[in-house]
Amino acid sequence: MHRVAFVVVPPVYSFDLAIAQMVLDAARPDGRAGYEVITCAARPGRVEALGGPDVVVEHDLAAAGTPTA
């Protein structure tokens, strides 16, 4: 399983996060999870969102790990 980390920077469009999650979910039509998606920010907690509810981020930037090719 691949891990995808979205770095959330305020103000964020919650719709953008939702669309990205939907695309990754659709990447595996057999229903098996192919991606673990997490959100992270400089400071975990509530992040202001535009055009929707605020986003609650549970992880700090360390959770994003080291990018790989």
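Everything discussed here concerns the structure shown above.
Model, not experiment: these values are computed from the prediction.

### Here's the deal with the nonpolar core
Inference 1: In terms of nonpolar packing, the biggest core is built from ten residues, these being Phe6, Val8, Val12, Leu17, Leu24, Ala41, Val47, Ala49, Val55 and Val57.
Inference 2: Mapped by element, the contributors of at least two residues to this core are helix H1 (14-26) and strand E6 (55-57).
Inference 3: In this structure Val12 touches Leu17, Val47, Glu48, Ala49, Leu50 and Val55, once residues within four positions along its chain are discounted.

### Considerations on the sheet that holds strand E3 (residues 35-41)
Inference 1: The strand order across the open sheet formed by three strands is E1-E3-E7, and the pairing between neighbours is parallel. Only two strands of the sheet have a single partner each, and these edge strands are strand E1 (2-7) and strand E7 (59-60).
Inference 2: Bridging between E3 and E7 involves two bridges; their strand directions are parallel. Within E7, the residue paired with Ala41 across the bridge is Asp60.
Inference 3: Most of the contacts of H1 go to E1, to which it runs at about 170°, and overall it touches E1 and E3.

### Things to note about a nonpolar patch on the surface
Inference 1: Together, Phe15, Ile19, Met22 and Val23 give the surface a local cluster of nonpolar side chains, amounting to about 420 Å² of exposed area.
Inference 2: Note that Ile19 resides in helix H1.

### What to know about the pattern of salt bridges
Inference 1: The full count for this structure, using the stated rule, is two salt bridges.
Inference 2: With its nearest N and O atoms 3.3 Å apart, the salt bridge here joins Glu36 to Arg3. Within this pair, whereas Glu36 is found in strand E3, its partner Arg3 is found in strand E1, the two being separated by 33 residues in sequence.
Inference 3: Glu36 gets classed as partly exposed once you look at its relative accessible area, which sits at 33%.
Inference 4: Take Arg3: its relative accessible area is 46%, and that puts it in the partly exposed class.
Inference 5: Notably, a salt bridge pairs Asp54 with Arg46, separated by 3.3 Å at the nearest N-O pair.
Inference 6: For Asp54, a relative accessible area of 34% translates into the label partly exposed.

Rules used throughout
- Residues numbered from 1 in each chain as written.
- Predicted model: local features only at pLDDT ≥ 70, side-chain atom pairs only at ≥ 80, totals over all residues.
- Heavy atoms only, no water.
- Core = buried A, V, L, I, M, F, W, Y, C linked by side-chain atoms within 4.5 Å.
- Buried < 20%, exposed > 50% of the residue type's maximum accessible area, 1.4 Å probe, protein only.
- Helix = DSSP H or I, 4+ residues; strand = E, 2+ residues; numbered from the N terminus.
- Contact = heavy atoms within 4.5 Å.
- Pairing = 2+ DSSP bridges.
- Axes fitted to C-alpha atoms, helices over the stretch in contact; angles between N-to-C directions.
- Patch = residues over 30% accessible without salt bridge, like charges linked within 9 Å, V, L, I, M, F, W, Y side chains within 5 Å.
- Areas by Shrake-Rupley, 256 points an atom, 1.4 Å probe, with all protein chains shown as cover.
- Salt bridge = Lys/Arg side-chain N within 4 Å of Asp/Glu carboxyl O.

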